[in-house]
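# Structure at a glance
Each chain, written out:
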Amino acid sequence: MNTPGTDFIPAAKPVIGDEEKRLVLEVLESGQLSLGQKTLAFEQGMADRVGVAYGRATSSGTAGLHLALRAAGVREGDQVITSPMSFIASANSVLFERAVPRFVDVDPVTFNLDVDAAADAITPKTKALLPVHIFGYPADTPALERHGLPIVEDACEAVGAIHADGTPVGGRGHSAVFAFYANKQIATGEGGMVVTSEQRVADLIASERNQGRAADMGWLDHDRLGFNYRMSELQAALGVAQLGRLDQMLADRAQVAAWYRAALADLADRGLGLPCADRGQERRGWFVFVVQVPDGTDRDDTIRALTADGIQCRPYLPPIHLFSFYRDLGYREGMFPVTERIGASSLALPFFPQMTQGQVEHVAARLRHHLLGH
Ligand SMILES: *Cc1c(COP(=O)(O)O)cnc(C)c1O
């Protein structure tokens, strides 16, 4: 009954339509496969979308985070305050520069950086703050801004999110990084983008993603150390097409989330944790639908049972500070209890724009069966 291909429900699935195919084909026929008009159009489209002057496309969100931290002046031995409740790339990008990720725990409602804990953790060695808009919920960046430190926002899960004052996530002026891996709100296969209102940052990133080449120099002139963190025109073509359908995809994601909320309401009464509702004027940019199994339930057993039903789901997310090479920095169990509790009980249910109400109800029914036995 539940063989893959019949009623298998994937964890994520991009929306790829005629426009994506048309624009990718246009690139192929143009012969310009990198550093062309599609990259410029995608960059401008993302910058306009969040209301800042510059977008700089990169080969991945991780590459964008790395370059944004470098542009913020993060160097060996500096401390960067960030969240352990994230995908590992946000903290790794700090390690790339031999700087030190200084974790603080998260808010138990939003799962974003606890801004009071972040304030307490600031020392003379703190070079930057790296909040993560986890699961698409806007982090309290405005509260972090009063410290006057450089901020690099990990907005890799938060396309479409909005702060309480109406600013789109990524639109506050300092560097914010989006990502376009296949499961993100905008999917280009691989890819990322730094948005910023600072020309200095935009110019530096344009150079460092392209082997340290300055804009006015010849192809083989290099005036600084750089990387190859470029996005290809094929990816940018996908980005342009995806941007054109973004509002519809975000609305579809919000609809799927609303179906989940209704279908899981009775389980929520019995201890299942659901994503927090938007507080005040804050708006989540729906990325994943993550639930916490009730106390006393084994999360991994639940995942195994759903997987056997053909429902693809994942533990999401394991705390970063408990990975072996972060333990080498001195991090241990018990240091960030909120993150650890969320990390041990959370799973991401299938979630994508074209998911049907029937699929949502099927997932909810199977989850109910495994949690309650009926
Ligand atoms: C996806 C993601 C990234 C990294 O993006 P890649 O494009 O895969 O490098 C970074 N941080 C968070 C929170 C993410 O979800």
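Everything numeric in this text was worked out from a predicted model, so none of it was measured.

## Comments concerning the sheet that holds strand β4 (residues 126–130)
- If you trace the three strands from one edge of the open sheet to the other, you get β3-β2-β4, paired in parallel fashion. Strand pairing shows two members of the sheet lacking a second neighbour, β3 (100–103) and β4, which therefore form its edges. Ignoring strand direction, the axes of neighbouring strands in this sheet form an average angle of 30°.
- Alignment of strand β2 (residues 79–82) against β4, held across four bridges, turns out to be parallel.

## Description of the domain arrangement of the protein chain
- We note that the domain assignment places domain 1 (18–244) and domain 2 (246–372) within the protein chain.
- Put simply, the middle of domain 1 and the middle of domain 2, counted by C-alpha atoms, are 25 Å apart.
- With both chains or domains summed, domain 1 and domain 2 bury close to 3300 Å², and 63% of this area falls on carbon and sulfur atoms.
- Across the domain 1-domain 2 interface, the total number found is one salt bridge.
- Notably, a salt bridge pairs D247 with R49, separated by 2.9 Å at the nearest N-O pair.
- Summed over the shared surface of domain 1 and domain 2, the number is 17 residue pairs in polar contact (both at pLDDT 80 or more).
- Of all the secondary structure elements, the ones that give two or more residues to the side of domain 1 that touches domain 2 are α4 (89–95), β3 and α8 (233–244).
- Broken down by element, the residue count for the side of domain 1 that touches domain 2 peaks at four residues, all from α4.
- A per-class count over the side of domain 1 that touches domain 2 returns 23 nonpolar, twelve polar and six charged.

## Some details on the layout of surface pockets
- Considered as a void within the structure, the largest pocket measures approximately 640 Å³ in volume.
- Those elements that place two or more of their residues in the lining of the largest pocket are α3 (61–71), α4, β9 (314–315) and β10 (346–349).
- The dominant element in the lining of the largest pocket, judged by the number of residues it contributes, is α3, at three residues.
- Looking at the lining of the largest pocket residue by residue, the class counts come to 24 nonpolar, eight polar and six charged.
- Each of domain 1 (18–244) and domain 2 (246–372) gives at least three residues to the lining of the largest pocket.
- Taken as a whole, the second largest pocket spans an internal volume of roughly 370 Å³.
- What lines the second largest pocket is a set of 16 residues, and nearest its centre among them are A206, S207, R209, R213 and A215.
- Counting only elements with at least two residues in the lining of the second largest pocket, the list comes to α2 (37–50) and α7 (199–208).
- The biggest single contributor to the lining of the second largest pocket is α7, with four residues.
- Across the lining of the second largest pocket, the residue classes tally to six nonpolar, four polar and six charged.

Criteria and thresholds
Residues numbered from 1 in each chain as written. Predicted model: local features only at pLDDT ≥ 70, side-chain atom pairs only at ≥ 80, totals over all residues. Heavy atoms only, no water. Pairing = 2+ DSSP bridges. Helix = DSSP H or I, 4+ residues; strand = E, 2+ residues; numbered from the N terminus. Axes fitted to C-alpha atoms, helices over the stretch in contact; angles between N-to-C directions. Domains from an automatic or database assignment. Buried area = accessible area lost by both parts, 1.4 Å probe. Salt bridge = Lys/Arg side-chain N within 4 Å of Asp/Glu carboxyl O. Polar contact = N/O pair within 3.5 Å; in protein donor to acceptor, adjacent residues only side chain to side chain. Nonpolar A, V, L, I, M, F, W, Y, C, P; charged D, E, K, R; others polar. 1 Å grid on protein atoms, 1.4 Å probe; cavity = no way out; pocket = protein on both sides within 12 Å on 5 of 7 lines; lining within 4 Å. Points joined across faces, edges and corners; volume = space filled by probe spheres on them.

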